[in-house]
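# Fold and contact review
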Amino acid sequence: MNASSLVQKIWNFCHTLRDDGVGYGDYLEQLTYLLFLKLAHEYAQPPYDRKAKIPKGFDWSRLKGKTGEPLEAHYLALLHRMGREQGMLGAIFFKAQNKIQDPAKLSRLVQLIDAESWISLDADTKGDLYEGLLQKNAEDTKSGAGQYFTPRALIEAMVACVQPQPMKTIADPACGTGGFFLGAYDWLTHKSGRKLNIRQQEFLHRETFFGNEIVAATRRLCLMNLFLHNVGDLDGEPTVDRADALIAAPEKRFDYVLANPPFGKKSSMTITNAEGEEDRDALTYERQDFWQTTSNKQLNFLQHIVTILKTTGQAAVVLPDNVLFEGGAGEKIRRKLLETCDVHTLLRLPTGIFYANGVKANVLFFDKKPADGKVHTKGVWIYDLRTNKHFTLKTRPLGSDDLRDFIECYRPANRHERVEAERFKYFQYADLVARDKASLDIFWLKDDSLDNLDDLPPPDVLQQEIIEHLEAALAAFRDVAAGLPSSAA
């Protein structure tokens, strides 16, 4: 069977399950458990003969031999047992549950996966299949999965600008389903024009990517996504931790950070008790290595990213507008960032490109520098992709072509040879720190829609932009309200 027909088979069965109320997210989880078991079974056969450490009596051959209620009972026992194992096995099956209540449909899914030799499919085919399911899951706005999904065109552009090198480490402290890791992997294996030697391939496979994902189900999807793209081992230890990255100073430093930290009002800590149940509590992080103590989640992630970079490290981070202009701790953090790092590029992103409504975001590119007391930012180049740009997720999604001009202006091969253009301007350090609150919230292009009512964007785009603006305003008001002291009864 060729790859496209296999993808179609997997899709069709997903549609069948949706009639029973099984969403893409639940389907993805079950697919992940069963695919992992089938791959472990295939790797245990000649010529691989690898030991996947599957507990006796719970391997693929035992599962596929059952049907009806015995299958359902065995599957439940299997999920429970696997979740208690160590390493990748335990990480994939952590708190696993069966969401397919119809034993006949569970049996059909087992048969569907059993009918294929997954090892014989190349990593691109397996990866594309899984990525497609993740995309569909993100589009299912009711599930909220879109918050973990960064537009692939944006990831590719960020990676194309940073151009990660082989034998270097890459971190994402809020990695979601692993989009930035796979963007970097694709760059290193296909788009850089470089042929990796055996040692470089091994390093890429086992020692390149490190992340955190606090949500257990999302971490599971990330690990499987990486594994299907040939990153990590069945019997290895996962390099994506199910822990809050902000909670403590880092033990390890990295060459690159590529990230889109979660957008939200306030930081909260997830406490997991002995039974694996989670509870969230408002949190202000007291970290000696942070410049400022704040409950603003994005400001904390920005500070954390600076701390986890090597002194030669580079970062490209998606950040909401408030990080550019917020006063108080925000201003102090911005000034410290401009002093201690070389903050060289800011990409102002358009609205309508994220699954979460009300997001006005930017990409900040900066290089970590040694702590030598010098001011390291000479000036910031700002690219405006927002003014007079109109996107929606369905009718006019952001594509690679929309970011081509930015990449050309960025000049990844030599960014010291940049030239100003209509959308690309240079602002000197002295002028930036002289601005009110050292705000980086800068625009210079004229908004054409304010003057020409005959040239408005299509109604659906206009409608989406109004929603985005109102959602952003509501989020800002909620931030203010959350910071106010509550009145005593």
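Description of the structure in this document.

Quick notes on the rules
- Residues numbered from 1 in each chain as written.
- Predicted model: local features only at pLDDT ≥ 70, side-chain atom pairs only at ≥ 80, totals over all residues.
- Heavy atoms only, no water.
- Core = buried A, V, L, I, M, F, W, Y, C linked by side-chain atoms within 4.5 Å.
- Buried < 20%, exposed > 50% of the residue type's maximum accessible area, 1.4 Å probe, protein only.
- Helix = DSSP H or I, 4+ residues; strand = E, 2+ residues; numbered from the N terminus.
- Contact = heavy atoms within 4.5 Å.
- Lys, Arg positive; Asp, Glu negative; His and termini not counted.
- Salt bridge = Lys/Arg side-chain N within 4 Å of Asp/Glu carboxyl O.
- Polar contact = N/O pair within 3.5 Å; in protein donor to acceptor, adjacent residues only side chain to side chain.
- Phe/Tyr/Trp six-rings, centres within 6.5 Å; stacked < 30°, edge-to-face > 60°.
- Lys NZ or Arg CZ within 6 Å of the ring centre and 35° of its normal.

Our next topic: the nonpolar core. Among the nonpolar cores identified, the biggest contains 102 residues, and Y27, F93, L347 and F365 are the most heavily contacted of them. Per element, the largest residue contribution to this core is 12 residues, and it comes from helix 2 (residues 24-43). Beyond its immediate stretch of four places on either side in the chain, L347 contacts L154, N362, V363, F365, Y383, L385, L403 and F406. Core analysis: the second largest hydrophobic core is formed by 30 residues, I308, I333, V380 and I382 among them.

Its place among the elements puts D384 in strand 10 (residues 379-384). Buried within the structure, D384 lacks any salt-bridge partner; its nearest side chain of opposite charge belongs to R423, at an N-O separation of 4.2 Å. In this structure the side chain of D384 is engaged in a polar contact, spanning 2.8 Å, whose partner is the backbone nitrogen of R386. Apart from the residues within four sequence positions on either side, D384 is in contact with R348, R423, F443, W444 and L445.

So, about the packing of aromatic side chains. This structure, assessed with the given rule, holds 14 aromatic pairs. Between W381 and F424 the ring centres are 4.8 Å apart and the planes differ by 25°, which places this aromatic pair in the stacked class. With W381 in strand 10 and F424 in strand 11 (residues 424-428), this residue pair connects regions lying 43 residues apart in the sequence. Residue W381 shares its accessibility class with F424, and that shared class is buried. These aromatic residues form a ring-pair network of at least three members: F365, W381, Y383, F406, Y410, F424 and Y426. The ring of Y43 has R50 lying over it, and the distance from NZ or CZ to the ring centre is 4.4 Å. In this structure, K252 is placed above the aromatic ring of F210, and the distance from its NZ or CZ to the ring centre is 4.9 Å.

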